[in-house]
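Here is how the chains run, residue by residue.
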Amino acid sequence: MNHFEDRPGPSGEGELWCEDVRLAEIAEQVGTPVYVYSSATLRRHYQVFRDALRQALGPDRDILIAYAVKANANLSVIKTLSDLGAGADTVSEGEIRRALAAGVPADRVIFSGVGKTDAELAFALSVGVAEINIESESELERLGQIAARLNRRPAVAIRVNPDVGAGGHAKITTGKADSKFGVSLMEAKRLYRRASTHANLNAVGLACHIGSQISDLTPLESAFVTMREMARDLRAEGFPVSRLDLGGGLGAPYADAPDPPSPADYAAMVARVFAKFDVNLAFEPGRMLVANAGVLLTRVITRHDRPEGRKFVVVDAGMNDLLRPSLYDAYHAIRPVRQGNGAPLEAFDVVGPICETGDIFAKDRSLPNLGEGDLVAMLSAGAYGASMGSEYNARPLAAEVLVQGARFAVIRRRPTYEDMLARETLADFL
Ligand SMILES: *Cc1c(COP(=O)(O)O)cnc(C)c1O
């Protein structure tokens, strides 16, 4: 469910609104391309997920929902969720800084990631994050040395790679044995023992994250069973494994995909695995919280009807603004903001202005007749949209807007060309 819906506009014709704000109004005031997020949708998605887990696991279970910041790292988005109690799952110093700046308490920040530098680890220790997820032996040793130098004893979890395939696309599958993420089960036990005996490390648990846009609970359940059994084995050896971090990965409903499992079904599955196993649980949802809370609003620059038949619509958003179609062949529903009641549909290729053949949002998409200046919305763009944006082709990053009821705020302004040029210095030998 989301809060983008058709309502009559000033002329009486139906058009797309975000909560109580017309998208056309935002485009007029802020310009395009612009990402628009609905705070009611963000809140609702978090609350539904939290309530489902609470209900399934009971009031006494210690649960941390750490929003995976990489899905959408805007401060206002993070704050909307952290105000409801969300923590943050982070994969870089930059993301830790963003989470803290948005008001997430350090003791609700998890630091994950396959390549954390010494400087990043030292930073995480200095601010006192809740948990650092270790992905290799050398990282364990490096963290131990840094912690000793800084006189700290961070809580660590070992990221296990449970060797299950899951996720909507090869590029977002992370839990197979040959992926770069995490360590094997054997290795994880060894590292756990090592961390447990290290004077400057506090081994608290195990972590996993097997993929993204997962539409089937079966691989998640088998990964969670593996985690539980590993924790049981380690406890039998005398280690008090107190926390399991179950990662994110639950799919969001995209228009072309089967509906992902509901939060209630997911929570019931988690309860099936952990009802009789007393352990604190952490979750790292990203996409499912933010994907359908955002749209990318763009304007048709030009329409190009080839004599041979293909019809191209060139919009003012490009793959630098929304990379998912180029990177993952991802599908985003595209629609004109104004309904254009009953206009006949034609097949269009919707493309961006970037000098790359891959800069295509949709091929042969059935759309009502689109013309220059028309506003178009790309739906379900709240996750891995703005956060993957770049300035390729020297294009300013898209602006971002947050709507709440009848109000909206620019939560990231579009940089000016002066801003962009000011970051560079001409070499003094030129
Ligand atoms: C990306 C990531 C997530 C979030 O994944 P979603 O599919 O967006 O839920 C969670 N945990 C880790 C470690 C990640 O890398």
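Fair warning: this is a prediction, and the values are worked out from it, not measured in the lab.

### Topic: the site of the ligand
Within the structure, the ligand sits among 14 residues, and Lys 70, Ser 212, Glu 284, Arg 287 and Tyr 384 are positioned closest to it. Side-chain polar atom of Asp 89 to a nitrogen atom of the ligand: 3.2 Å apart, as the coordinates give it. One nitrogen or oxygen atom from the main chain of Arg 287 is found 2.7 Å from an oxygen atom belonging to the ligand.

### Describing the domain arrangement of the protein chain
Interfaces are frequently sized by the accessible area removed from exposure as the parts join. Along its sequence, the protein chain is carved into domain 1 (4–38 + 291–422) and domain 2 (62–285). The C-alpha centroid of domain 2 is placed 33 Å from the C-alpha centroid of domain 1. Across the contact, 20 residues belong to domain 1 and 16 residues belong to domain 2. Each partner contributes to the roughly 1,400 Å² buried at the junction of domain 1 and domain 2, and carbon and sulfur atoms together form 55% of this total. The largest contributions to the domain 1 side of the interface with domain 2 come from Tyr 328, Tyr 331 and Tyr 384, which together make up 37% of the buried area. Summed over the shared surface of domain 1 and domain 2, the result is 0 salt bridges.

### Let's talk about the sheet that holds strand 6 (residues 87–90)
Taken together, 8 strands build a closed barrel; the order of strands is 5-6-7-8-9-10-11-12 and the barrel is parallel. Each neighbouring strand pair of the sheet contributes to a mean axis angle of 30°, computed without reference to strand direction. Alignment of strand 6 against strand 7 (residues 109–111), held across 3 bridges, turns out to be parallel. From the neighbouring strand, Asp 89 faces strand 7, where its bridge partner is Ile 110.

### Considerations on helix 9 (residues 263–274)
In this model, helix 9 (12 residues) spans 16 Å end to end at C-alpha, consistent with the 16 Å of a helix rising 1.5 Å per residue. Those residues of helix 9 that sit buried are Pro 263, Tyr 266, Ala 267, Met 269, Val 270, Ala 271, Val 273 and Phe 274. Buried positions along helix 9 lie against helix 2 (39–57), helix 8 (217–236), strand 11 (243–245), strand 12 (280–283) and helix 10 (287–290).

### Some points on helix 2
Here helix 2 spans 27 Å end to end across 19 residues, near enough to the 27 Å set by a 1.5 Å rise per residue. Along helix 2, the residues that are buried comprise Ser 39, Thr 41, Leu 42, His 45, Tyr 46, Phe 49, Ala 52, Leu 53 and Leu 57. Gly 58 lies just past helix 2 and shows a positive phi near 85°.

### A few points about the pairing of strand 13 (residues 294–305)
Note: strand 4 (residues 34–38) against strand 13, 4 bridges, orientation antiparallel. The partner of Tyr 35 across the bridge, within strand 13, is Leu 296. As judged from the 4 bridges shared by strand 13 and strand 18 (residues 375–378), these two strands associate in the antiparallel manner. From the neighbouring strand, Leu 297 faces strand 18, where its bridge partner is Ala 377. Here strand 13 pairs with strand 14 (residues 311–315) via 5 bridges, running antiparallel. By the bridge assignment for strand 14, His 304 is matched with Phe 312.

### Some words on the pattern of salt bridges
Overall, the coordinates contain 29 salt bridges when judged by the stated rule. The partner of Arg 7 in a salt bridge is Asp 20, with the nearest N and O atoms 2.9 Å apart. Of this pair, Arg 7 sits in strand 1 (residues 4–8) while Asp 20 is found in the loop between strand 2 (14–18) and strand 3 (21–22), placing the two residues 13 residues apart along the sequence. Put simply, Arg 22 and Glu 15 hold a salt bridge, and the shortest N to O gap is 2.9 Å. Of the residues examined, Arg 22 reaches a relative accessible area of 18% and is grouped as buried. Of the residues examined, Glu 15 reaches a relative accessible area of 2% and is grouped as buried. One salt-bridge network, in which partners are shared between bridges, spans Arg 303, Asp 305, Lys 311 and Glu 346.

### Quick look at the packing of helix 6 (residues 137–149) against helix 7 (residues 185–197)
Interaxial distance between helix 6 and helix 7 falls to 10 Å at its minimum, and their mutual angle equals 10°. With respect to their mutual orientation, helix 6 and helix 7 come out roughly parallel. Residues Glu 137, Leu 140 and Glu 141 of helix 6 touch helix 7, and the partners they reach there are Glu 187, Arg 190, Leu 191, Arg 194 and Ala 195. A class-by-class count of the residues in the contact of helix 6 with helix 7 yields 3 nonpolar, no polar and 5 charged.

### So, the nonpolar core
Among the nonpolar cores identified, the biggest contains 105 residues, and Ile 132, Phe 224, Leu 244, Tyr 266, Phe 274 and Phe 283 are the most heavily contacted of them. A total of 8 residues in this core trace back to one element, the largest contributor, which is helix 8. Shared between two domains, this core holds at least three residues of each, these being domain 1 (4–38 + 291–422) and domain 2 (62–285). Residues in contact with Tyr 266, not counting those within four places in the same chain, are Phe 49, Leu 53, Leu 217, Leu 220, Phe 224, Gly 247, Leu 250 and Phe 283. Of all hydrophobic cores here, the second largest spans 19 residues; its members include Leu 23, Val 36, Leu 375 and Val 403.

Cut-offs used in this document
Residues numbered from 1 in each chain as written. Predicted model: local features only at pLDDT ≥ 70, side-chain atom pairs only at ≥ 80, totals over all residues. Heavy atoms only, no water. Near = heavy atom within 4 Å. Polar contact = N/O pair within 3.5 Å; in protein donor to acceptor, adjacent residues only side chain to side chain. Domains from an automatic or database assignment. Contact = heavy atoms within 4.5 Å. Buried area = accessible area lost by both parts, 1.4 Å probe. Salt bridge = Lys/Arg side-chain N within 4 Å of Asp/Glu carboxyl O. Pairing = 2+ DSSP bridges. Helix = DSSP H or I, 4+ residues; strand = E, 2+ residues; numbered from the N terminus. Axes fitted to C-alpha atoms, helices over the stretch in contact; angles between N-to-C directions. Expected span 1.5 Å × (residues − 1). Buried < 20%, exposed > 50% of the residue type's maximum accessible area, 1.4 Å probe, protein only. Parallel < 35°, antiparallel > 145°, perpendicular 65-115°, else oblique. Nonpolar A, V, L, I, M, F, W, Y, C, P; charged D, E, K, R; others polar. Core = buried A, V, L, I, M, F, W, Y, C linked by side-chain atoms within 4.5 Å.

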